[in-house]
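# Results of the structural survey
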Amino acid sequence: MTDLVELAGRAVAQAVASSGGDAEAYTSETEDREVRVHGGEVESLTVATRRGLGLRVWIDGRVGYGFGTDLSAQGLEAIALRAVEAARVADGDEFARPPGTAAEVPAVTGLSDPSRAEWSPARIAKLALEVERSALGADSRVAGVEQAVYFDSAERVAISSSAGNGGEYETSSCYAYLQALAEGETGRETGLGFDLARGPAGLDPTSVGREGAARATEMIGSTKPESRSCPVLLDPTVAASFVGLLGGALGADVVQRGRSPLAERLGEEVAGEAFVLHDDGLEPNGFASAPIDAEGTPRRRTALIEAGRLQTFLYDSYTAQRGGAASTGNAGRSGYRSPPGVSASNLIVSPGSASLEQLLQEVGEGVFINDVAGLHSGVNPVSGVFSVGASGRAIRGGALAEPLREFTIASDLVSMLRAVRATGSEPRWVPFGGSVSAPPLLIGEMMVSGS
Amino acid sequence: MSHGVEPLEPAIAERVLARALAHGGEFAELFAERRGGLTLAIDESRIESVQSGAEEGAGVRVLSGGTTYFAHVDGLGQADLERAADEAAAALRGDRAEPRPLQAVASIPLPIEQRPEDIPAVRKADLLRELDERARSAGGEIAQVTASYGEARREVSVANSDGLFSSDNRTRVRIGAQAVARRDDRVETGAETLGAHRGFELFDDDPVSIAASASRKALTLLDAGPAPTGSMPVVVAGGFGGVLFHEMTGHGLEADHVQKGASVYAGKLGELVAQPLLTAYDDGRLPGEWGSDAIDDEGAATQKTRVIEDGRLVSFLYDRQSAARDRVASTGNGRRESFRHLPIPRMTNTYIAPGEGEPEAIISEVKKGFYAVSFAGGQVDPATGDFVFGVNEGYLIEGGEVTRPCRGATLVGNCLQALAAIDAVGNDFWMKTGMCGKGGQKVPVGTGQGHVRIASMTVGGTEA
């Protein structure tokens, strides 16, 4: 195994020597496996290894970034050269400097499941086939499965900086999902089922298949709802998608640049009291958890919305410098190819006390949303105004009624949060658009556009 | 990044392919790639986020009995390639198969006049400063401007056990501008991009006009009222308006979806799916276009494929594997984001061919309707055909005239119905660039059309 800390240290030394500035290296080594099955057969089995290094340099307030996959002495030299040349093109920024040394790095356990390595390709293929089989067996109206997928990953990360901070950690993750197809008289419906865990032993393949089958079959015979303004109940996957968007709007980078609907609302009432939100980079069940963030600052738990009020924004070291605040350990990056930027770690919406049945009763007459589409094209991230495609069920007399599709829901992020009347008691981890744990959310009123 | 040397030597490729078939398999392929690029941005009138990188690696796949065994590694050393071959073959248990000797197929990469890596980085920074100034010059209500520049180069080689050996060298450049306009509590954004499979010569002809366009869109939206709600005729403008066709029809024509029964177009080959006024193509050879390449990522020459002829569905889009299943030839649509991905059927440049309608008449024939000029993006479920599009520039049509701008509109519908409802195709035509996501892979695609009218479609608005 490569000594990643030593490698990162060499890259930093190389960059400091050639630029006279500061430098920080992030290096990672990843092993991935993926199985795709279709029609009872293994469609593909992928085994992959990835390693690379990204180097951020600061030269008199100018920041540059270089990355590469060639980690030989010559390769590191080329990466350093690219980063230094990049910095020379950038304009100076008075707040740009490497993060200071961390006081204490917390210990986080349970981020890695060693059992992953013990599961052979044949065994994970069997798991993926079981996911598909359980969807097909769950309901006679399930006509097929578009694809069932198993994926796992183990990653080692090391960070080193000329300013002294850094560290290393290992994580593993795995998930399974499928898209089930149900055939009804009025046409075809699809339904997603998924599960996630640190290792394959933590997955429940049967529940993934059953969920996909249930979501597809319940949509059979769906119609368009009438356009109206009414109470709306979001299922945890939909709630999580919106919370992911909210996490983006809470980043100090977009706030400082005036591109967030939450800018200048610190301390204000931005949500119904039932909506309590934390960012928690240390929660063992959260896939974004690690002892340190993407620039070596300790991860931590941060209250974002409590008692309906906005408590703080999310900071990395740059936005903290600029905003006269402390980093909340929210530097993130999508691997060695990208420099760190502000991002939420695990966003956790506190569960309430109401069961799904109680929430439906509270709604009385309204719409249950179990899927949204076009979240990235239908949302204005600056104003928070959105209009997105949706599907779900009517709620009549406090219970789920006929399926609905081909309609849109529209509001803006803050109005929606303020309209949260209750949260359900059963949260779920959802990996779409970040790592989010959310219960069902009851929104008092929202515009539904159908026919 | 080294220049002019193909990422793969045939002699080494032959050895790696033999190793990949050491435990059997009907087909083996080695895809090697060097990729590099530079991106920079301007924000708050300051050049930042300057990033430069280079990566190299390879992917090996072995097909055996309907299963694809795939492994990819970083690095192009012989040991790296052999490790990928061994890992791909590891789960196979058959007898050794022999690859055919490699025969190089000549392909001519798309011409690049000014290699972006030969242009000093300060000129790219200056281009961003010009975009920033031009966008801000649109007026005091423009509160913020961001712009970005990106250049990317991919040198790829494909070798397979059928004896194919082919290489390509691809350079793309793209700029984008985004403006935020503010009036009291109203905040609106506008964006525009310009990109091509070309070199820095793309920027010879007033590239900065995209910044003016981004500002104009944002300012227009400040005056926008709520969008209408309900079913009505919708006129879609050309260029990026073509993303509607891309999403609602193009994806359903990709043969992998069709063969899994996960496309609403399955079983409809030869049938009328649109009115006879509609003909459409996928063309991976359009000179300089964003979605063009000399070869696809399986080494097949790219081509112009007619998919709809006078309203009749005439072809799907195939990669090697889906073509073999249907016993037809690949249409050169086997694409992959990088050596870290398996090739799958993907669109290249997909467009509705110009028709006979006058754009003015297409609008003036509408009593009450919606005019969608550009989309923020869209999404479709190929299996059900349900789609949704966010409109970022849209107007009301009243009494045959485009009246006021609307914000927050969404178009929702079903592919088969919406395609059949196209009752006018304009004689104007232009193309736009996009990044298309499928199966976790993003590839550059072109979309295009002139003005197109859909007789009836659901507009999900913000009007109560």
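Bear in mind that the values here come from a model prediction, so they are computed numbers and not experimental data. (Residues numbered from 1 in each chain as written. Chains lettered and ligands numbered in written order. Predicted model: local features only at pLDDT ≥ 70, side-chain atom pairs only at ≥ 80, totals over all residues.)

## Points about the overall build of chain A
Applied cut-off: Each helix is a run of H or I in the DSSP string that is no shorter than four residues. Each strand is a run of E no shorter than two, and both are numbered from the N terminus. We compute the radius of gyration from the C-alpha atoms alone; for a globule the expected value is 2.2 Å times N to the 0.38, where N is the number of residues.
For chain A, the helix and strand inventory stands at ten helices and 20 strands. For 451 residues, the compact-globule estimate of 2.2 N^0.38 gives 22 Å, and chain A sits close to it at 24 Å. Counting only C-alpha atoms and orienting by the principal axes, one finds that chain A spans roughly 70 × 55 × 35 Å.

## Comments concerning the overall build of chain B
Here is the rule we go by: For the exposure call, what matters is how many other C-beta atoms sit within 10 Å of a residue's own: 20 or more marks it buried, 12 or fewer exposed, and in between partly exposed, using C-beta atoms placed from the backbone. We call two residues in contact when their backbone-placed C-beta atoms lie within 7 Å.
Looking only at helices and strands, chain B features nine helices and 23 strands. Relative to a compact globule of 464 residues, whose C-alpha radius of gyration would be 23 Å, chain B shows 24 Å and is just as compact. Seen through its C-alpha atoms, chain B measures out along the principal axes to roughly 70 × 55 × 35 Å. Going through the 464 residues of chain B one by one, you find that 63% of them count as buried. Considering only contacts within chain B whose residues lie at least 6 apart along the sequence, 75% involve residues at least 24 apart.

## Let's talk about the interface of chain A and chain B
Interface size is commonly expressed as the accessible surface area that is lost when the partners come together. Let me state the cut-off plainly: Basically, the charged four are Asp, Glu, Lys and Arg, the nonpolar ten are Ala, Val, Leu, Ile, Met, Phe, Trp, Tyr, Cys and Pro, and anything else, Gly included, counts as polar. Pairing between strands is defined by DSSP: at least two bridges between the two strands are required.
Of the residues lining the interface, 63 residues belong to chain A; the matching set on chain B comes to 65 residues. Elements represented by at least two residues in the side of chain A that touches chain B include exactly strand 2 (41-59), strand 3 (62-68), helix 2 (73-89), strand 4 (142-161), strand 6 (187-197), strand 15 (385-396), strand 16 (399-412) and strand 20 (441-449) of chain A. In terms of residue count, strand 2 of chain A provides more of the side of chain A that touches chain B than any other element does, twelve residues in total. Broken down by class, the residue content of the side of chain A that touches chain B amounts to 21 nonpolar, 26 polar and 16 charged. Where strand 2 of chain A meets strand 3 (residues 67-74) of chain B, five bridges bridge the pair, whose relative direction is parallel.

## Re helix 5 (residues 205-217) of chain A
All names here are of chain A. For clarity, the cut-off: Each helix should span, by expectation, one fewer than its residue count multiplied by 1.5 Å.
For helix 5, built from 13 residues, the straight-helix expectation of 18 Å at 1.5 Å per residue is met to within 8% by its first-to-last C-alpha distance of 19 Å. Turning to helix 5, its buried residues number three or more, namely Pro-205, Val-208, Gly-209, Glu-211, Gly-212, Ala-213, Arg-215, Ala-216 and Thr-217. Its buried side turned inward, helix 5 meets helix 4 (121-138), strand 4, strand 5 (166-184), strand 6 and strand 14 (366-373).

## Quick notes on the environment of Glu-55 of chain B
As for its placement among the helices and strands, Glu-55 of chain B is situated in strand 2 (residues 46-64). Since 23 C-beta atoms lie within 10 Å of it, Glu-55 of chain B is described here as buried. Linking Glu-55 of chain B and Gly-37 of chain B, residues 18 residues apart in sequence, is a C-alpha distance of 9.4 Å. When neighbours within four sequence positions are excluded, Glu-55 of chain B is seen to be in contact with Gly-52, Gly-68 and Thr-69 of chain A together with Arg-35 of chain B.

## Focus on the sheet that holds strand 15 (residues 349-352) of chain B
All names here are of chain B. Read from one edge to the other, the open sheet built from six strands follows the order 12-11-10-15-22-21, with strand pairing classed as mixed. Each end of this open sheet is capped by a strand with a single partner; those strands are strand 12 (312-313) and strand 21 (430-438). Of the pairings in the sheet, the one linking strand 10 (residues 280-283) to strand 11 (residues 304-309) comprises four bridges and is antiparallel in character. Bridge pairing in strand 11 links Asp-283 to Lys-304.

## Quick look at the domain arrangement of chain A
All names here are of chain A. So the rule is basically this: Where each domain begins and ends follows an automated or database-derived domain assignment.
In terms of domains, chain A is made up of domain 1 (115-159 + 172-217) and domain 2 (228-449). A C-alpha centroid distance of 25 Å is found between domain 1 and domain 2. Counting residues at the interface gives five residues for domain 1 and seven residues for domain 2. For the side of domain 1 that touches domain 2, the class distribution of residues is three nonpolar, one polar and one charged.

## Focus on the domain arrangement of chain B
All names here are of chain B. If you check the domain split of chain B, you get domain 1 (10-222) and domain 2 (225-460). Contact with domain 1, which involves 34 residues of that partner, is made by 20 residues of domain 2. Mapped by element, the contributors of at least two residues to the side of domain 1 that touches domain 2 are strand 1 (27-43), strand 2, strand 3, strand 5 (142-160), strand 6 (164-183), strand 7 (186-196) and helix 4 (209-222).

## A word on the pairing of strand 1 of chain B
All names here are of chain B. Of all 17 residues that make up strand 1, 13 are buried, and the element is covered over most of its length. What sits between the antiparallel neighbours strand 1 and strand 2 is a turn of two residues, in which Glu-44 has the positive phi angle 55°. One ladder, built from 15 bridges, connects strand 1 with strand 5; its direction is antiparallel. Looking at the pairing, Arg-35 lines up with Arg-154 of strand 5.

## A short note on the nonpolar core
Generally speaking, soluble globular proteins have nonpolar side chains that are buried together. Keep this limit in mind: The term nonpolar core refers to a group of buried residues, namely Ala, Val, Leu, Ile, Met, Phe, Trp, Tyr and Cys, whose C-beta atoms join them within 7 Å.
Grouped together as the largest cluster of nonpolar side chains are 274 residues, with contacts concentrated most on Leu-55 and Ala-128 of chain A together with Leu-30 of chain B. Ala-128 of chain A has contacts with Val-35, Val-37, Ala-148, Val-149, Tyr-150 and Ala-176 of chain A, leaving out every residue within four places of it along the chain.

## A word on the sheet that holds strand 10 (residues 309-310) of chain A
All names here are of chain A. The condition is simple: Comment: axis = line fitted to C-alpha atoms, over the contacting stretch for helices; angle = value between 0 and 180 degrees taken between N-to-C directions.
Spatial ordering of the open sheet is given by 10-9-8-13-19-18, a layout of six strands whose pairing is mixed. The sheet terminates laterally at strand 10 and strand 18 (428-430), the two strands that pair on one side only. The sheet contact formed by strand 13 (residues 346-349) and strand 19 (residues 435-438) spans three bridges and is parallel. Within strand 19, the position partnered with Asn-346 by the bridge is Ser-435. Contacting strand 13, strand 18 and strand 19, helix 6 (residues 236-249) crosses the sheet at an angle of about 130° to strand 19.

## Brief notes about the pairing of strand 19 (residues 410-414) of chain B
Residue and element names in this part refer to chain B. Most of strand 19 sits inside the fold, with five of its five residues counted as buried. Neither face of strand 19 is left uncovered, since the one carrying Thr-410, Val-412 and Asn-414 and the one carrying Leu-411 and Gly-413 both have all their residues buried. The sheet contact formed by strand 17 (residues 386-398) and strand 19 spans five bridges and is antiparallel. Counterpart to Phe-389 in the pairing with strand 19 is Leu-411. Pairing analysis gives three bridges linking strand 19 to strand 23 (residues 452-460), with the strands arranged antiparallel. Paired with Val-412 across the two strands is Thr-458, which belongs to strand 23.

## Some points on the packing of helix 4 of chain A against helix 5 of chain A
Residue and element names in this part refer to chain A. Filter applied, for reference: Put simply, angles under 35 degrees are roughly parallel, angles over 145 are roughly antiparallel, angles from 65 to 115 are roughly perpendicular, and the rest are oblique. Left-handed is the label given to a crossing in which the near helix is rotated counterclockwise from the far helix by less than a right angle, and right-handed is the label when the rotation is clockwise.
At a minimum axis separation of 7 Å, helix 4 and helix 5 run at an interaxial angle of 40°. As the angle between them shows, helix 4 and helix 5 are arranged oblique. Here helix 4 and helix 5 pass one another in a crossing that is right-handed. Residues Leu-127, Glu-130, Val-131, Glu-132, Arg-133, Ser-134, Ala-135 and Ala-138 of helix 4 form the contact with helix 5, whose participating residues are Pro-205, Thr-206, Val-208, Gly-209, Arg-210, Gly-212 and Ala-213. Residues belonging to the contact of helix 4 with helix 5 are distributed by class as follows: seven nonpolar, four polar and four charged.

## Some remarks on the packing of helix 1 (residues 4-19) of chain A against helix 2 of chain A
Residue and element names in this part refer to chain A. Packing of helix 1 against helix 2 leaves a shortest axis separation of 9 Å and a crossing angle of 50°. Classed by the angle they form, the pair helix 1 and helix 2 counts as oblique. For the pair helix 1 and helix 2, the sense of crossing is right-handed. The segment helix 1 lies against helix 2, with Arg-10, Ala-11, Gln-14, Ala-15, Ser-18 and Ser-19 engaging Leu-76, Glu-77, Ile-79, Ala-80, Leu-81, Ala-83 and Val-84. Per-class residue counts for the contact of helix 1 with helix 2 are eight nonpolar, three polar and two charged.

## A short note on helix 5 (residues 243-253) of chain B
Summarising burial for helix 5 of chain B: eleven of the eleven residues are buried, a large majority. All buried positions along helix 5 of chain B are accounted for by Val-243, Leu-244, Phe-245, His-246, Glu-247, Met-248, Thr-249, Gly-250, His-251, Gly-252 and Leu-253 of chain B.

## Looking at the confidence of the model for chain B
Selection rule: The pLDDT value tells you how sure the predictor is about a given residue, anywhere from 0 up to 100.
Averaged over all residues, the pLDDT of chain B is 94; the fraction at 70 or higher stands at 98%. The complex prediction reports pTM at 0.93, with the ipTM value standing at 0.91.

## Examining the environment of Asp-185 of chain B
All names here are of chain B. Along the chain, the position of Asp-185 falls in the loop between strand 6 and strand 7. When the 6 C-beta atoms within 10 Å are taken as the criterion, Asp-185 is described as exposed. Taking the C-alpha atoms as reference, Asp-185 lies 60 Å from Arg-327; in sequence the two are 142 residues apart.

## Points about unusual backbone geometry
Of note, Glu-264 of chain A is a non-glycine position whose phi angle comes to about 60°, a positive value. Mapped onto the elements of the fold, Glu-264 of chain A is located in the loop between helix 7 (252-256) and strand 8 (277-280). The exposed category is assigned to Glu-264 of chain A, around which 8 C-beta atoms lie within 10 Å. Even without being glycine, Asp-206 of chain B reaches a positive phi, approximately 40°.

## A closer look at the environment of Gly-261 of chain B
As for its placement among the helices and strands, Gly-261 of chain B is situated in the loop between helix 6 (255-259) and strand 10. Under the C-beta neighbour-count criterion, Gly-261 of chain B is labelled partly exposed, with 16 such atoms within 10 Å. Gly-261 of chain B sits 121 residues away from Pro-382 of chain B along the chain, and the two C-alpha atoms are 9.6 Å apart. Setting aside chain neighbours within four positions, we find Gly-261 of chain B in contact with Gly-144 of chain A together with Ala-266 of chain B.

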